[in-house]
Amino acid sequence: MTSAVFVLNGPNLNLLGKRQPHIYGHETLADVEERCRGQAAHHGLDIRFHQSNMEGQIIDWIHEARDHGLAIVINPGAFTHTSVAILDALNAFDGPVFEVHISNVHKRESFRHHSYVSLRADGVIAGFGTQGYLLAIERVASLIKVAAAEADAVS
Ligand code: CA2
């Protein structure tokens, strides 16, 4: 059964707000989760918010989203630039996928300029700080409203 927006976070994002605030800001991941939940609730959407430092765990959550996910918002962390396995898992998910990066990866080292996940993502947000997560949820909500209006129109 499809019911929630999956917000997935990759390695080291558990350190958000605790190190490197000049790059990633002062908010913790718990703060981001709370804001995402508020934004989603405003649109009547549920959230499943997860973080893992393990590639396989992220892949398992993507598989879970195949049955229970309306959309995936993912900040894959450094796996963005390395993981064909996460790309393959996302390719097996049918709904919208939005890739979020807190920092502007294109302004950083060249190894951050390539993303495997972008080959699947329907949209990419980078450099908007943690607000990027909220913008992605906003986009998911718009897509769901349009789909519901189209379904109404044909019924
Ligand atoms: O800008 C982003 O959101 C990134 O996905 C963050 C990844 C990085 O490898 C990507 O190139 C861009 C790193 C996440 C590490 O997060 C930390 C947060 C605070 C302190 C240390 C690491």
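Above: the structure in question.
All of the points below concern the structure found in this document. (Residues numbered from 1 in each chain as written. Predicted model: local features only at pLDDT ≥ 70, side-chain atom pairs only at ≥ 80, totals over all residues. Heavy atoms only, no water.)

A few words on the sheet that holds strand β1 (residues 4–9). With respect to topology, five strands assemble into an open sheet ordered β2-β1-β3-β4-β5, the strand pairing being parallel. Edge positions in the sheet fall to β2 (46–51) and β5 (123–126), since each has one partner strand and no second. Adjacent strand axes in the sheet meet at a mean angle of 20° when their direction is disregarded. In terms of strand pairing, strand β4 (residues 97–101) meets β5 through four bridges, oriented parallel. Within β5, the residue paired with H101 across the bridge is A126. Packing against the sheet, helix α5 (residues 131–154) makes contact with β1, β2, β3 (69–75), β4 and β5, and its axis sits at approximately 165° to β4. (Pairing = 2+ DSSP bridges. Helix = DSSP H or I, 4+ residues; strand = E, 2+ residues; numbered from the N terminus. Axes fitted to C-alpha atoms, helices over the stretch in contact; angles between N-to-C directions. Contact = heavy atoms within 4.5 Å.)

Attention now moves to the site of the ligand. By nearness alone, 17 residues border the ligand, and N75, H81, I102, S103 and R112 come closest of all. Between the ligand and H101, the relevant distance is 2.9 Å, taken from an oxygen atom to a side-chain nitrogen or oxygen of the residue. One nitrogen or oxygen atom from the side chain of S103 is found 2.6 Å from an oxygen atom belonging to the ligand. Within the complex, 95% of the 500 Å² of free accessible area of the ligand lies under protein. Tallied by class, residues from the shell around the ligand come to eight nonpolar, seven polar and two charged. (Near = heavy atom within 4 Å. Polar contact = N/O pair within 3.5 Å; in protein donor to acceptor, adjacent residues only side chain to side chain. Areas by Shrake-Rupley, 256 points an atom, 1.4 Å probe, with all protein chains shown as cover. Nonpolar A, V, L, I, M, F, W, Y, C, P; charged D, E, K, R; others polar.)

So, on to unusual backbone geometry. The residue N12 is not glycine, and still its phi comes out positive at about 75°. Phi is positive for Q20, which is not a glycine, with a value near 50°. As for its position among the elements, Q20 is in the loop between β1 and α1 (21–24). Looking at Q20, the relative accessible area reads 40%, which means it is partly exposed. (Buried < 20%, exposed > 50% of the residue type's maximum accessible area, 1.4 Å probe, protein only.)

Turning next to the pairing of β1. Counting buried positions along β1 yields six of six residues, so the element is predominantly enclosed. Of the two faces of β1, the one lined by A4, F6 and L8 and the one lined by V5, V7 and N9 are each fully buried. As paired elements, β1 and β2 share six bridges and run parallel to each other. Bridging across to β2, V5 finds its partner in I47. Pairing between β1 and β3: six bridges, direction parallel. When the sheet's bridge partners are listed, N9 is paired in β3 with N75.

Here the focus is the nonpolar core. Counting residues in each nonpolar core, the largest one holds 23 residues, and the members touching the most others are V7, C36, I47 and Y133. When residues of this core are traced back to their parent elements, those giving at least two are β1, α2 (29–42), β2, β3, β4 and α5. If one sorts the elements of this core by residue count, α5 sits on top with six residues. Leave out the neighbours within four places in its chain, and I47 touches A4, V5, V7, C36, R37, A40 and I137. Core analysis: the second largest hydrophobic core is formed by 17 residues, F6, I62, I72 and L90 among them. (Core = buried A, V, L, I, M, F, W, Y, C linked by side-chain atoms within 4.5 Å.)

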